[in-house]
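# Remarks on the overall topology
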Amino acid sequence: MPESLAEIVEDFAAVEGQDKLQLLLEFSRELPELPAHLEQAAMEPVPECQSPLFLSVDAADRDHVQLYFSAPPEAPTTRGFASILHQGLDGHSAQQILDVPDDFYVALGLRDAVSPLRLRGMSAMLARIKRHLK
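The rules behind these values
- The written sequence of each chain sets the order in which its residues are numbered from 1.
- Predicted model: local features are reported for residues with pLDDT of at least 70 only, side-chain atom pairs are reported and counted for 80 or more only, and whole-chain, interface and lining totals are derived from all residues.
- Values reported for side chains reflect all heavy atoms of the structure, with hydrogen atoms and water molecules removed beforehand.
- DSSP-based pairing: two strands are paired if at least 2 bridges between them are found.
- By definition, any uninterrupted DSSP run of H or I lasting at least four residues is a helix, any uninterrupted run of E lasting at least two residues is a strand, and each is numbered from the N terminus.
- The contact criterion used is simple: two residues touch if any of their non-hydrogen atoms lie within 4.5 Å.
- Comment: axis = line fitted to C-alpha atoms, over the contacting stretch for helices; angle = value between 0 and 180 degrees taken between N-to-C directions.
- By definition, pLDDT measures how confident the predictor is in each residue, and it falls between 0 and 100.
- Cavities and pockets are found on a 1 Å grid laid over the protein atoms alone: a cavity is a set of points where a 1.4 Å probe fits but cannot escape, a pocket is an open set with protein on both sides within 12 Å along at least five of seven lines, and a lining residue has an atom within 4 Å of such a point.
- Grid points are joined across faces, edges and corners, and a volume is the space filled by probe spheres set on the points.
- Ten residues, namely Ala, Val, Leu, Ile, Met, Phe, Trp, Tyr, Cys and Pro, are considered nonpolar, four, namely Asp, Glu, Lys and Arg, are considered charged, and the remaining ones, Gly among them, are considered polar.

## Digging into the sheet that holds strand 3 (residues 66–70)
Judged by pairing direction, the sheet is antiparallel, and its 3 strands sit side by side in the order 1-2-3 without closing on themselves. The open sheet is flanked by strand 1 (44–45) and strand 3, the only strands paired with a single partner. As judged from the 2 bridges shared by strand 1 and strand 2 (residues 54–58), these two strands associate in the antiparallel manner. Note on strand 2: the bridge partner recorded for proline 45 is phenylalanine 54. Packed on one face of the sheet, helix 5 (residues 116–133) meets strand 1, strand 2 and strand 3 and runs near 30 degrees to strand 2.

## Quick look at the confidence of the model for the chain
When the pLDDT values of the chain are averaged, the result is 94; 100% of them are 70 or greater. In the model of the chain, helix 5 stands out as the element of lowest mean pLDDT, 92, in contrast to helix 4 (residues 94–98), which has the highest, 98.

## Some thoughts on empty space enclosed by the protein
Counted according to the given criterion, the structure contains 1 cavity of 30 Å³ or more. Taken as a whole, the largest cavity spans an internal volume of roughly 40 Å³. Looking at the largest cavity, the residues that line it are Cys49, Gln50, Thr77, Thr78, Phe81, Arg118 and Gly121. Counting only elements with at least two residues in the lining of the largest cavity, the list comes to helix 3 (76–89) and helix 5. Examining the composition of the lining of the largest cavity, we find that 3 residues originate from one element, helix 3, more than from any other. A per-class count over the lining of the largest cavity returns 2 nonpolar, 4 polar and 1 charged.

If you want it as structure tokens, here you go:
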């Protein structure tokens, strides 16, 4: 797991209960806007997410993969998950991303804070990113 993603997992492990949700909300606010050259309509939808989420994987440089996410502000959980993946994986090599355990999100300790359906959405985001890189 890339160090940046491992640090995020450690941050979540260091807090309990409602503080985990607060941390997730903070991540949702940090999801970057899409660059001018990329439109949501050109991005891949992730229908497993309960809220609209779109992603784009730019693997032209396999040593520095660029990830882009779009989710509405009124979907803080989905935005938070996308921001975790962005901050933890953006700019890393394709191989580093492919090596991330499919269930890494379990280590975030959010199982009691968010629904299994929402966690499935995060799993689907990672699976789609990996599919683009294979």
